[in-house]
Amino acid sequence: MNLFNEDNFLNIGLNKIGDVVVCNLLFVLCSIPIFTIGPALTALYHCMLRSVKGNLNGAARTFFRSFKENFFQSLAAWLLFLLLLLILLLNIRFLSFQGTDISQVLLYLSEAAAVFLVIGGLYIFPVIAAFSNTLKNLVKNSYIFAFMHFPSTLLLAVITILPMFMTYQDLSLLPLYACCWFFFGFGLTALINSHILYRFFKKYLD
């Protein structure tokens, strides 16, 4: 194996690791204002989907191009997601302290609505990253993908949510976890998810 050959597995692997780290750092940087997490997440998925496809040329340049081109759609999707999630969480908290039968039914409905919203949240930013359409159609397509490929949706939920949940289970290791998230955690999660998503995205891509 020629180590100086750009097409060997070692160089390809190192390039992918470098892309993950660069995109992760850019995602963290662009997410600092909080309200820009949506556009940053879309840009991260755009880069990782391109990495899976094999045509990510210039991680930083590709990230910022996607961040700019999809900014307003991603921002609207993110703010709407946050607003609806906040309303549902407050509603769940309120209903959990009520003792009536009707409040219990409403609690189950609110929890189901929250799960439904999170399912859409798993897909909407990768869908915005991969396809061009109106936000309404992108949201609709997100749910179509989610329920057409429900086993993959469950896997995406585990890959995305479980590491974040585990991060807060052992506060003594929080500095280590924070370091991992800062340098590669978000990018690695998006890359793994992109491998799953690209399997059923690719037939609809040009």
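Participant: Can you explain the nonpolar core? Please cite residues and give values.
Facilitator: One finds Met48, Phe63, Tyr123 and Phe201 to be the most contacted residues of the largest nonpolar core, which totals 51 residues. Within the residue set of this core, elements represented by two or more residues are helix H1 (9-30), helix H2 (37-53), helix H3 (59-69), helix H4 (71-96), helix H5 (101-130), helix H6 (135-148), helix H7 (150-167) and helix H8 (174-201). Ignoring any residue separated from it by four or fewer positions in sequence, one finds Phe63 in contact with Cys23, Leu26, Phe27, Cys30, Ala40, Ala43, Leu44 and Cys47.

Participant: Could you give me a rundown of the environment of Phe182, with the residues and numbers involved?
Facilitator: Relative to the elements of secondary structure, Phe182 occurs in helix H8. By relative accessible area, which is 40% here, Phe182 ends up partly exposed. Expressed as a C-alpha distance, the spacing of Phe182 and Phe27, which sit 155 residues apart in the sequence, is 9.2 Å.

Participant: Just give me the short version of the environment of Cys23, but keep the residues and values in it.
Facilitator: Here Cys23 lies in helix H1. When the C-alpha positions of Cys23 and Ser66 are compared, they lie 12 Å apart, and in sequence the two are 43 residues distant. The contacts of Cys23, once residues within four sequence positions are left out, are Leu44, Cys47, Met48, Ala59 and Phe63.

Participant: A description of the state of the cysteines should follow, citing residues and the corresponding values.
Facilitator: This structure, assessed with the given rule, holds zero disulfides. Left without a disulfide partner, Cys179 is nearest to the cysteine sulfur of Cys180, which lies 5.9 Å away. Residue Cys180 is classed as partly exposed on the basis of its relative accessible area of 26%.

Participant: Explain the environment of Gln104 to me, and be specific about the residues and the numbers.
Facilitator: Here Gln104 lies in helix H5. Taking the C-alpha atoms as reference points, Gln104 and Ala157, separated by 53 residues in sequence, lie 26 Å from one another.

Participant: Tell me about the side chain of Thr62, and name the residues and values.
Facilitator: With respect to the secondary-structure elements, Thr62 resides in helix H3. Judged by relative accessible area, Thr62 falls into the buried class, the value being 1%. Among the polar contacts made by the side chain of Thr62, one reaches the main-chain carbonyl oxygen of Gly58 at a distance of 2.8 Å. Excluding its chain neighbours within four sequence positions, the residues that come into contact with Thr62 are His46, Cys47, Arg50, Leu56 and Asn57.

Participant: Mind laying out the packing of aromatic side chains, listing which residues take part and the relevant values?
Facilitator: On inspection of all chains with the given rule, the structure shows 19 aromatic pairs. Centre to centre, the rings of Phe145 and Phe200 are 6.0 Å apart; their planes meet at 35 degrees, and the pair counts as tilted. Taken together, the positions of Phe145 in helix H6 and Phe200 in helix H8 put the pair 55 residues apart, joining distant regions of the chain. A connected cluster of aromatic rings, assembled from ring pairs, spans Phe63, Phe64, Phe67, Phe71 and Phe72.

Participant: Go over the packing of H2 against H5, please, and point to the residues and values.
Facilitator: Close contact between H2 and H5 brings their axes to 8 Å; oriented N to C, the two are set at 60 degrees. Classified by the angle between their axes, H2 and H5 sit oblique to one another. Here H2 and H5 pass one another in a crossing that is right-handed. Contacts between H2 and H5 involve Gly38, Leu41, Thr42, Tyr45, His46 and Leu49 on the former and, on the latter, Phe125, Pro126, Ile128, Ala129 and Ala130. Its residues assigned to classes, the contact of H2 with H5 comprises eight nonpolar, three polar and no charged.

Basis of the calculations
Residues numbered from 1 in each chain as written. Predicted model: local features only at pLDDT ≥ 70, side-chain atom pairs only at ≥ 80, totals over all residues. Heavy atoms only, no water. Core = buried A, V, L, I, M, F, W, Y, C linked by side-chain atoms within 4.5 Å. Buried < 20%, exposed > 50% of the residue type's maximum accessible area, 1.4 Å probe, protein only. Helix = DSSP H or I, 4+ residues; strand = E, 2+ residues; numbered from the N terminus. Contact = heavy atoms within 4.5 Å. Disulfide = S-S within 2.5 Å. Polar contact = N/O pair within 3.5 Å; in protein donor to acceptor, adjacent residues only side chain to side chain. Phe/Tyr/Trp six-rings, centres within 6.5 Å; stacked < 30°, edge-to-face > 60°. Axes fitted to C-alpha atoms, helices over the stretch in contact; angles between N-to-C directions. Parallel < 35°, antiparallel > 145°, perpendicular 65-115°, else oblique. Left-handed = near helix turned anticlockwise from the far one by under 90°. Nonpolar A, V, L, I, M, F, W, Y, C, P; charged D, E, K, R; others polar.

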